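Close look at the chain arrangement
As a plain string of letters, each chain reads:
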Amino acid sequence: MIIAQTNRLQLSKITLEDAPFILELMNSPHWLKYIGDRNVRTVAQAEDYLKERTLKSYDTHGFGFYKIQLKDESLKSIGTCGLVKRDELEYVDIGFSLLPNYEGKGYGFEASSEIIKLAKDQFKLKKITAITLPTNTNSIKLLEKLGLSYEKRVKPFEDDEELLLFAKTL
């Protein structure tokens, strides 16, 4: 199900059929470095991850992460972008990830801009946040370009790792 389109991209709901792509994405170098190893090593584990996280979020919140596809004839899946409500954070946050060959081409900004529009117009959110490692300079630049501002350092998860929290009023 298509949820948004840009000149170059199509954003669609993720399904269990996307498990091989999700497996590839979750084991890409920047996912492992900046998001973390989720110990997803097989298509079956990717399916379980999707059931427990992405598909559950659609049912519970009405939103979640969406696959980013090129609108050319290939409709190749190149990344994910979306909204997640984490128990550890007060507001819904935006997240994004791309396969290595598609980083630095403006796709993250293009997809995230559409997600922010959906957050405001369709999901009626008043504020969104984002969290990132202090060392993830590319994410920080993208968040700032999207209009999110640094608010504070947080340690929302059990690993006690300090993250930067950005926010934007919609």
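Residues numbered from 1 in each chain as written. Predicted model: local features only at pLDDT ≥ 70, side-chain atom pairs only at ≥ 80, totals over all residues. Heavy atoms only, no water.

So, about the packing of aromatic side chains. Within this structure, the stated rule accounts for four aromatic pairs. On the numbers, 5.6 Å between centres and 20° between planes, the contact of Tyr-58 with Tyr-66 is stacked. Under the relative-accessibility criterion, Tyr-66 is labelled buried at 1%. Centre to centre, the rings of Tyr-102 and Tyr-107 are 6.4 Å apart; their planes meet at 50°, and the pair counts as tilted. Residue placement shows Lys-145 over the ring face of Phe-109; its charged tip is 4.5 Å from the ring centre. (Phe/Tyr/Trp six-rings, centres within 6.5 Å; stacked < 30°, edge-to-face > 60°. Buried < 20%, exposed > 50% of the residue type's maximum accessible area, 1.4 Å probe, protein only. Lys NZ or Arg CZ within 6 Å of the ring centre and 35° of its normal.)

Glancing now at the side chain of Asp-93. Residue position: Asp-93 is located in strand E5 (residues 93-98). Asp-93 sits in the buried class, given a relative accessible area of 1%. At 3.0 Å, the side chain of Asp-93 forms a polar contact with the side chain of Arg-86. With near-sequence residues (within four places) excluded, Asp-93 lies in contact with Gly-82, Leu-83, Val-84, Arg-86, Thr-129, Ala-130 and Ile-131. (Helix = DSSP H or I, 4+ residues; strand = E, 2+ residues; numbered from the N terminus. Polar contact = N/O pair within 3.5 Å; in protein donor to acceptor, adjacent residues only side chain to side chain. Contact = heavy atoms within 4.5 Å.)

Okay, a negative patch on the surface next. Among the surface-exposed residues, Asp-87, Glu-88, Glu-158, Asp-159 and Glu-161 lie close enough to one another that they form a single negatively charged patch. For Glu-161, the location among the structural elements is in the loop between strand E7 (149-154) and strand E8 (163-169). (Patch = residues over 30% accessible without salt bridge, like charges linked within 9 Å, V, L, I, M, F, W, Y side chains within 5 Å. Areas by Shrake-Rupley, 256 points an atom, 1.4 Å probe, with all protein chains shown as cover. Salt bridge = Lys/Arg side-chain N within 4 Å of Asp/Glu carboxyl O. Lys, Arg positive; Asp, Glu negative; His and termini not counted. Charge placed at Lys NZ, Arg CZ, Asp CG, Glu CD.)

With six of its eight residues buried, helix H1 (residues 19-26) lies for the most part within the structure. Turning to H1, its buried residues number three or more, namely Ala-19, Phe-21, Ile-22, Leu-23, Leu-25 and Met-26.

Counting 46 residues, the largest nonpolar core has Leu-83, Ile-94, Ile-115 and Leu-148 as the members making the most contacts within it. With sequence-adjacent residues up to four places away left out, Ile-115 is seen in contact with Ile-3, Leu-11, Tyr-66, Cys-81, Gly-82, Leu-83 and Ile-94. Judged by nonpolar contacts, the second largest core, of six residues, contains Leu-89, Ile-131, Val-154 and Leu-163. (Core = buried A, V, L, I, M, F, W, Y, C linked by side-chain atoms within 4.5 Å.)

This next bit is on the environment of Lys-120. Relative to the assigned elements, Lys-120 resides in helix H4 (residues 107-121). Sequence separation of Lys-120 and Ser-57 is 63 residues, and the distance between their C-alpha atoms is 18 Å. Ignoring anything within four residues of it in the chain, the contact list for Lys-120 reads Leu-125 and Leu-170.

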